[in-house]
Amino acid sequence: MSHVPPQPTVPDLPTALAVLRVRLAQIFINELYKAGRFRIPIHLALGHEAIAVAVAQTLDDHDILVLPHRNLHYALARGAGLAGVIDEFLLRDTGLAHGNLGAMNLADPARGLVYTSSILGNNLGVATGLALGGTICGDSGLTCVVTGDGAMEEGAFYEALGILCGKHIPLLLIVENNGWSLASTIAERRGPIDLDAFAKAMGAGYCYLNGADVFHCRTTLQAARNHALADRRPIIVEVGLTTLGHWRQPQTGYPNGKYINYHAGPAAHVSISPWPCLGDTTDDPIAALTTHFPEPLLHHEAMELFAHLQKEVPS
Amino acid sequence: MTFVEYLNEQLRVALSLRPGPTVVYGQNVATGSCLSGLTRGMDTIPGCTTINTSNAENTLVGMGFGLMLRGVDALLCLKQQDFLLLGIDQLVNTWNALRHRDVRAAFAVITIVVDNGWEGPQSCLNNLDDFCSLSRIPGHVINTRHEADAVIHNTVFTSGVKIIALPQRLWRSPMPDLGSLPPPTTPGIQHYRQGDAATVVTFNFALSQGLGVADAFARRGQTASLFSVTDVLCRNWDAIIADVQKTKRLIVLDDSKSINRSSDALLLAAKIAVPEATITPIRRAPFTEERSSPNSDSLTVDAEALVEATGKDML
Ligand SMILES: Cc1ncc(C[n+]2csc(CCOP(=O)(O)OP(=O)(O)O)c2C)c(N)n1
Ligand SMILES: [Mg+2]
């Protein structure tokens with residue numbers, strides 16, 4: 001069985017800083033994006049930092065990650081430098097993937113980010129093959145694949161689970177449930193899907209994560225990883241989270257303005273600040289850190305991180 | 001009026017004239033930007049049901065066939081041609097089993113071609129020829145107001161299946177209007193200009209480049225005939241061959257990324273019918289490994305050099 005180095009069981013400051021780093025790095029990228037520096041479409045993952053940091057801490061060096069169109073947070077959390085990511089988005093040779101992949105297909109095999117697809121559902125089949133291959137080759141690494149509440153509507157979601165369960169292949173299947181697919185809510189596009197019941201019906205495991213709290217995510221995910229390996233089956237890890245960067249558009253019939261979901265592109269209403277909090281403790285992993293650590297301490301650390309990251313940003 | 005505004009207006013006119021029920025469906029057709037304006041306002045047309053669907057393209061294509069069999073007109077709108085790949089089984093196999101049925105309703109798939117290159121290797125398809133070749137379903141492109149009128153009012157709602165491709169490159173530009181023209185002698189081929197120095201024939205979305213070449217002839221005091229082939233399965237080249245017999249020079253421009261281009265059929269027919277003609281095919285650079293990363297890919301034509309190189313057979 002693959003071995004994960006023991007992780008702190010209580011909230012620790014380095015983990016909080018990892019969350020802050022993923023947020024601040026995205027804020028810098030957003031500034032360049034707003035200034036029109038990128039020609040490629042980028043899906044920022046503001047609000048998705050906690051699960052990415054928890055995944056990075058839960059997986060070991062042999063474990064691999066398979067990602068969808070929204071993937072920046074995982075690349076950063078798994079250790080990619082901000083400069084390398086920015087250069088990749090500028091399609092430079094010095095980029096993380098030598099400027100060959102851009103944003104929607106960003107992969108980094110050296111850090112275990114093996115494959116990323118911009119086509120919904122596409123990565124689930126590939127992840128199934130990677131996981132099966134791992135068991136055939138006796139590789140101890142676990143495969144972890146990320147999808148969304150929208151992408152899981154593709155038939156491949158069901159098909160992949162059927163094979164994984166049928167062949168007793170361990171895998172973590174993370175569903176980032178932000179309630180949206182582009183501009184449509186779940187209720188607009190389909191009926192609700194009870195993933196717990198669905199997992200049971202398929203023979204898979206299931207757990208739910210509050211995506212705002214990195215420590216909750218980490219503890220639950222570690223348990224899920226151990227279960228996947230011990231029970232030799234896939235586990236659906238549903239993460240409830242909010243993609244931040246939304247805004248309200250003045251419109252008749254909407255006294256507070258109409259809620260516009262952030263999907264991709266520059267987050268026009270998000271501005272640069274060393275304390276990059278965009279929501280509250282229920283929806284923002286940064287705000288949620290204040291339930292574990294004193295705010296002045298976090299502010300101070302954020303200032304230092306901000307100054308450090310700023311050096312990686314091209315002028 | 002922009003390209004998309006004109007399409008939206010004419011589609012709404014066509015929908016409101018339908019005698020029976022119609023379903024317009026696809027992801028985000030009646031929410032958010034409504035496919036960048038293409039489907040805006042269709043939810044208020046009497047008799048027209050709009051459905052913001054889930055991400056399930058294989059089933060969405062199958063649904064269109066089912067609606068058509070029930071006598072309900074179906075219009076499936078997809079934000080990118082790439083996503084139609086997930087429905088290829090339905091296009092090929094379902095249609096193979098149904099093509100001889102006497103269906104009265106229409107099923108049209110409208111795809112937007114986002115081939116600017118910046119979206120990366122999985123979101124840059126411009127391959128209508130391939131979809132039509134596999135499925136033998138008629139395919140149509142729109143470059144101008146004439147072509148929009150012909151496709152929307154004479155094709156979209158005729159009984160049976162068809163795939164329509166629209167160029168995102170023209171989306172926000174004014175709808176090209178090439179003046180009044182006699183009705184085409186061959187369905188699916190627009191004859192825009194008469195000339196005697198060369199026969200310029202454009203396929204797919206290469207009409208703007210074709211106009212550039214025709215203008216380059218005009219700057220030299222010469223005239224070129226200009227045709228645009230808008231029907232992918234068209235194989236009636238009589239009008240074009242008659243023109244080449246007169247000009248003895250054929251220039252074929254095609255911005256399709258397909259390797260099985262329908263323009264190849266014209267090149268062959270012209271070579272056989274007018275062996276003494278000079279034939280110059282201009283195509284897109286092949287899809288090499290290098291070009292599979294995000295890039296500024298497009299069909300570039302040096303019109304002046306092309307006009308200068310008379311007498312050079314490149315076939
Ligand atoms: C097969 C396919 N259909 C449609 C799309 C267009 N598309 C890109 S992202 C997206 C929304 C996906 O929603 P979800 O999986 O929940 O991820 P989120 O963007 O919410 O993080 C859609 C519809 C696509 N990329 N691939
Ligand atoms: Mg979503």
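Worth saying up front: this structure is predicted, and the values here are computed from it rather than measured. (Residues numbered from 1 in each chain as written. Chains lettered and ligands numbered in written order. Predicted model: local features only at pLDDT ≥ 70, side-chain atom pairs only at ≥ 80, totals over all residues. Heavy atoms only, no water.)

### Here's the deal with the overall build of chain B
Right, on to step 1. What chain B contains, in helices and strands, is nine helices and 11 strands.
Right, on to step 2. Computed over its C-alpha atoms, the radius of gyration of chain B comes to 20 Å, within 12% of the 20 Å expected for a compact globule of 315 residues.
Right, on to step 3. Across the 315 residues that make up chain B, the buried fraction comes to 58%.
Right, on to step 4. Considering only contacts in chain B between residues 6 or more positions apart, those separated by 24 or more positions represent 83%.
Right, on to step 5. Computing the positive centroid from 27 side-chain charges and the negative centroid from 31, chain B places the two 3 Å apart. (Helix = DSSP H or I, 4+ residues; strand = E, 2+ residues; numbered from the N terminus. Rg over C-alpha atoms; globule rule 2.2 N^0.38 Å. Buried < 20%, exposed > 50% of the residue type's maximum accessible area, 1.4 Å probe, protein only. Contact = heavy atoms within 4.5 Å. Lys, Arg positive; Asp, Glu negative; His and termini not counted. Charge placed at Lys NZ, Arg CZ, Asp CG, Glu CD.)

### Considering the sheet that holds strand β6 (residues 160–167) of chain B
Residues and elements named next belong to chain B.
Right, on to step 1. Spatial ordering of the open sheet is given by β2-β1-β3-β4-β6-β5, a layout of six strands whose pairing is parallel. Strands with a single pairing partner mark the edges of an open sheet, and in this sheet they are β2 (48–52) and β5 (139–141). With strand direction ignored, the average angle separating the axes of adjacent strands in the sheet is 20 degrees.
Right, on to step 2. Of the pairings in the sheet, the one linking strand β4 (residues 106–113) to β6 comprises eight bridges and is parallel in character. Within β6, the position partnered with T111 by the bridge is A165. (Pairing = 2+ DSSP bridges. Axes fitted to C-alpha atoms, helices over the stretch in contact; angles between N-to-C directions.)

### Notes on the side chain of E49(A)
Right, on to step 1. Relative to the elements of secondary structure, E49(A) occurs in helix α2 (residues 49–58).
Right, on to step 2. Each residue touching E49(A), except ones within four places of it in the same chain, is listed here: V19(A), V22(A), R23(A), Q26(A) and P285(A).

### Describing the pattern of salt bridges
Residues and elements named next belong to chain B.
Right, on to step 1. Under the defined criterion, the tally for this structure stands at 29 salt bridges over all chains.
Right, on to step 2. The salt bridge partner of R284 is D115, with a shortest N-O separation of 2.7 Å. Of the two residues, R284 sits in the loop between β11 (278–283) and α9 (303–308) while D115 sits in the loop between β4 and α4 (128–135), which places them 169 residues apart along the sequence.
Right, on to step 3. For R284, a relative accessible area of 8% puts it in the buried group. (Salt bridge = Lys/Arg side-chain N within 4 Å of Asp/Glu carboxyl O.)

### Section: helix α6 (residues 155–166) of chain A
Residue and element names in this part refer to chain A.
Right, on to step 1. End to end, α6 covers 17 Å across 12 residues, agreeing with the expected 16 Å (1.5 Å per residue, within 8%).
Right, on to step 2. Inspection of α6 places F157, A160, L161, L164 and C165 among the buried residues, and these make up the whole buried set. For α6, the arc enclosing every buried residue in end-on projection is 125 degrees, short of the 170-degree limit, so these residues lie on one face. What points out from α6, more than 90 degrees from its buried face, is the exposed set Y158 and E159.
Right, on to step 3. In this structure, the buried residues of α6 make contact with α5 (122–137), β3 (143–148), β4 (171–177), α8 (195–202) and β8 (234–240).
Right, on to step 4. Looking one or two residues past α6, H168 carries a phi angle of roughly 55 degrees, positive in sign. (Expected span 1.5 Å × (residues − 1). Arc of directions from axis to C-beta.)

### Some words on the confidence of the model for chain B
Right, on to step 1. Taken over all residues, the pLDDT of chain B has a mean of 94, while the share at 70 or more is 96%.
Right, on to step 2. ipTM for the predicted complex: 0.92, alongside a pTM of 0.94. (pLDDT = per-residue confidence, 0-100.)

### Focus: the side chain of S263(B)
Right, on to step 1. Looking at the secondary structure, you find S263(B) in helix α8 (residues 262–273).
Right, on to step 2. Sequence-distant contacts of S263(B), defined by excluding residues within four places in its chain, comprise F203(B), V252(B) and D254(B).

### With respect to the packing of α6(A) against α8(A)
Residue and element names in this part refer to chain A.
Right, on to step 1. It is at 10 Å that the axes of α6 and α8 come closest, and there the two elements cross at 45 degrees. Judged by the angle between their axes, α6 and α8 are oblique. Each of F157, Y158, L161, G162 and C165 in α6 lies in contact with α8, whose residues at this interface are L195, F198 and M202. (Parallel < 35°, antiparallel > 145°, perpendicular 65-115°, else oblique.)

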